[in-house]
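An overview of the molecular structure
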Amino acid sequence: FLRMELSRAANAQLVKCVPMFVRCGNVAVSELGQRLMPSVAAKGDVIVSRGDESEHIYFVISGALSLVGGRAKVRDGRQIPKHGSDMHLYEGACVGDASVLLGIPSPHTVTASTTCE
């Protein structure tokens, strides 16, 4: 029980760090936090592909993600971004939110720049 409560509190803090959830009440944040599932991505793993509709919002706990708006090559499930066309996200960022909340395809391909949690 204690482990679950500690996890819930940590997840709620993570959710509260995301600007779009800052004004949410404690009950909503707690419920969102309960739905978080840990995941690890290796460097180069594709998290979200441009044009896909995501069913998940990914929160960055550690590591870095690269967002690429242009068409980049994908080889063996790993994306090779075009030089100079990427943007990086770090701890506290989230991706997939527009697709989940607005029901639109992802405007970016997102890959792990480092090992990420």
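The structure we're discussing is the one just above.
Every value quoted in this text rests on a predicted model; they were computed, and no experiment measured them.

Considerations on the pairing of strand β8 (residues 109-112)
Residues T109 and T111 point to one face of β8 and V110 and A112 to the other, with burial holding for every one of them. Inspection of the sheet shows strand β1 (residues 46-48) paired to β8 by two bridges, in the antiparallel sense. Paired with V46 across the bridge in β8 is T111. Examined bridge by bridge, strand β3 (residues 65-68) and β8 share four bridges and lie antiparallel to one another. Paired with V68 across the strands is T109, a residue of β8.

As for a nonpolar patch on the surface
Nonpolar side chains collect at one region of the surface, where M20, V100, L101, L102 and I104 lie side by side and expose about 430 Å² of accessible area between them. Classification of M20 by relative accessible area gives partly exposed; the value is 33%.

A word on the environment of H108
Within the secondary structure, H108 sits in the loop between α3 (97-102) and β8. The exposure class assigned to H108 is partly exposed, which follows from its relative accessible area of 27%. Look past the residues within four positions of H108 in its chain and what remains in contact with it is V48, S49, R50, L67, V68 and G69.

Details of the environment of A12
Take A12: it is sitting in helix α1 (residues 2-16). Judged by its relative accessible area of 16%, A12 is buried. When near neighbours in sequence (up to four residues on either side) are disregarded, A12 contacts V29 and G33.

Quick notes on α1
A rise of 1.5 Å per residue sets the reference length of α1, with its 15 residues, at 21 Å; its end C-alpha atoms lie 21 Å apart and thus fit the reference within 8%. Residues of α1 that are buried: N11, A12, L14 and V15. The buried side chains of α1 occupy one side of the element, clustering within an arc of 160 degrees when seen end-on. Away from the buried face of α1 by more than 90 degrees, exposed residues L2, L6 and Q13 are located.

Calculation rules
- Residues numbered from 1 in each chain as written.
- Predicted model: local features only at pLDDT ≥ 70, side-chain atom pairs only at ≥ 80, totals over all residues.
- Heavy atoms only, no water.
- Buried < 20%, exposed > 50% of the residue type's maximum accessible area, 1.4 Å probe, protein only.
- Helix = DSSP H or I, 4+ residues; strand = E, 2+ residues; numbered from the N terminus.
- Pairing = 2+ DSSP bridges.
- Patch = residues over 30% accessible without salt bridge, like charges linked within 9 Å, V, L, I, M, F, W, Y side chains within 5 Å.
- Areas by Shrake-Rupley, 256 points an atom, 1.4 Å probe, with all protein chains shown as cover.
- Salt bridge = Lys/Arg side-chain N within 4 Å of Asp/Glu carboxyl O.
- Contact = heavy atoms within 4.5 Å.
- Expected span 1.5 Å × (residues − 1).
- Arc of directions from axis to C-beta.

Any functional reading would require information beyond the geometric quantities listed.
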